[in-house]
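Observations on chain architecture
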Amino acid sequence: MYSHPTAVIDEGSVIGDGSKIWHFAHICDGAEIGKGCNFGQNTMVAGGVRIGSNVKVQNNVAIYTGTVIEDDVFLGPSCVLTNVTNPRSQVVRRGLYEKTLIRRGATVGANATIVCGITLGRYAFIAAGAVVAKDVPDYGLIVGVPGRLVGYMSRHGHLLRFEENGHATCPESGFVYEQDGEAVRCLDLDEEQALPADLSEGAKSYDDFKKGIHEGH
Ligand SMILES: CC(C)(COP(=O)(O)OP(=O)(O)OC[C@H]1O[C@@H](n2cnc3c(N)ncnc32)[C@H](O)[C@@H]1OP(=O)(O)O)[C@@H](O)C(=O)NCCC(=O)NCCS
């Protein structure tokens, strides 16, 4: 574990091997963080929060009590999590924090807001600036205010274009995905399995993939 000298790591917090805590971050008493995570500048993890391994938290993100974050989640810069639906300064609701569950591999875009009490499914993708107030299915792409389900993103973060047979192929991994109503799953790799090492490093930009799709390859 590495923590920058300006970070405040409370006694009673648990931080796994290989995790890095950067400038002015605060990890509170009772927070549990897994292995190989990265917490950027000015992040905060409150007591009682549980965070898995390989979670990447960009600058200026506060993770409040009531939040559970599984492995491989990406929280974009300045995104907002919440833990009381109806806060009033005059009414103390300590201990009544609502649960927000962010499941394995999900991405929350920059400056997006997650209203508490919901679940973001595995590999869900929340666009920059979206406001999400409802559960999101696995791989669901949510855009806008209020956030709407506009499609599905592959594990590698590409829009899935489903054909008539309900199948779509990710242009980066070649994995085939199947849609059945709102449910999408990967036919080639179980959602709970780790990515093979040869598919864990990007070689081409998002724009290059988009151009390739328009040019038909
Ligand atoms: C959602 C996202 C992946 C879409 O990317 P894309 O496929 O390249 O989207 P496009 O640029 O082709 O836009 C498609 C449409 O969606 C709109 N759109 C794109 N991103 C949007 C967003 N975040 N909110 C609202 N609308 C958005 C575009 O204006 C466009 O609308 P139009 O069809 O009416 O012209 C991307 O915009 C995004 O938000 N990524 C997250 C980035 C981020 O937060 N990174 C954090 C780490 S630095």
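The structure under discussion appears in the preceding block.
From a predicted model like this one, the values you see are computed outputs, not experimental measurements.

In this section: the overall build of the protein chain. Helices and strands together make up the secondary structure of the protein chain, namely one helix and 25 strands. Relative to the compact-globule value of 17 Å for 217 residues, the protein chain shows a C-alpha radius of gyration of 18 Å, a close match. Summarising its shape, the C-alpha atoms of the protein chain cover approximately 55 × 40 × 25 Å along the three principal directions. Within the protein chain, buried positions represent 32% of all 217 residues. Nonlocal contacts in the protein chain, meaning residues at least 24 apart in sequence, comprise 20% of its contacts between residues at least 6 apart.

Spatial strand order, β1-β4-β7-β10-β13-β16-β19-β21-β22: nine strands in an open sheet with mixed pairing. Unpaired on one side and paired on the other, β1 (2-3) and β22 (148-152) mark the two borders of the sheet. Sheet topology places strand β10 (residues 56-57) next to strand β13 (residues 74-75); two bridges connect them, and they run parallel. Within β13, the residue paired with V57 across the bridge is L75.

Turning our attention to the site of the ligand. Close to the ligand lie G76, G109, A110, A127, A128, G129, V143, G144 and L159, which account for all nearby residues. Of the residues in the shell around the ligand, the class split is five nonpolar, four polar and no charged.

The next point concerns the sheet that holds strand β25 (residues 183-186). Read from one edge of the open sheet, three strands run β23-β24-β25, paired in antiparallel fashion. Edge positions in the open sheet fall to β23 (167-169) and β25, since each of these has one partner strand only. Adjacent strand axes in the sheet meet at a mean angle of 25°, parallel and antiparallel pairs treated alike. One ladder, built from four bridges, connects strand β24 (residues 176-180) with β25; its direction is antiparallel. The residue bridging Q179 from the neighbouring strand is V184, located in β25.

It is worth spelling out the nonpolar core at this point. With 48 residues, the main nonpolar core has V45, A124 and I126 as its most contacted residues. Where this core is concerned, the elements lending two or more residues are β13, β19 (125-126), β21 (140-143) and β25. Filtering out sequence-adjacent residues up to four positions away, I126 remains in contact with T107, V108, G109, A112, L120, V132 and I142.

Okay, the environment of Q90 next. Summarising the element assignment, Q90 is placed in the loop between β14 (80-81) and β15 (100-102). For Q90, a count of 4 C-beta atoms within 10 Å translates into the label exposed. Separated by 47 residues in the primary sequence, Q90 and P137 have C-alpha atoms spaced 36 Å apart.

Quick look at the environment of A46 now. Following the sequence through the fold, A46 ends up in the loop between β8 (44-45) and β9 (50-51). Judged by the 20 C-beta atoms lying within 10 Å of it, A46 is buried. Separated by 17 residues in sequence, A46 and D29 have C-alpha atoms that sit 7.4 Å apart. Beyond its immediate stretch of four places on either side in the chain, A46 contacts C28, A31, I63, Y64 and T65.

Bridge analysis of β21 against β22 gives four bridges, and the strand direction is antiparallel. Paired with G140 across the strands is Y152, a residue of β22. Between the end of β21 and the start of β22, which pair antiparallel, lie four residues, with G144 showing a positive phi angle near 95°.

Rules used in this analysis
Residues numbered from 1 in each chain as written. Predicted model: local features only at pLDDT ≥ 70, side-chain atom pairs only at ≥ 80, totals over all residues. Helix = DSSP H or I, 4+ residues; strand = E, 2+ residues; numbered from the N terminus. Rg over C-alpha atoms; globule rule 2.2 N^0.38 Å. Buried ≥ 20, exposed ≤ 12 C-beta atoms within 10 Å, placed from the backbone. Contact = placed C-beta atoms within 7 Å. Pairing = 2+ DSSP bridges. Near = placed C-beta within 6 Å. Nonpolar A, V, L, I, M, F, W, Y, C, P; charged D, E, K, R; others polar. Axes fitted to C-alpha atoms, helices over the stretch in contact; angles between N-to-C directions. Core = buried A, V, L, I, M, F, W, Y, C linked by C-beta atoms within 7 Å.

It is worth stressing that arrangement in space is one thing and function is another; only the former is reported here.
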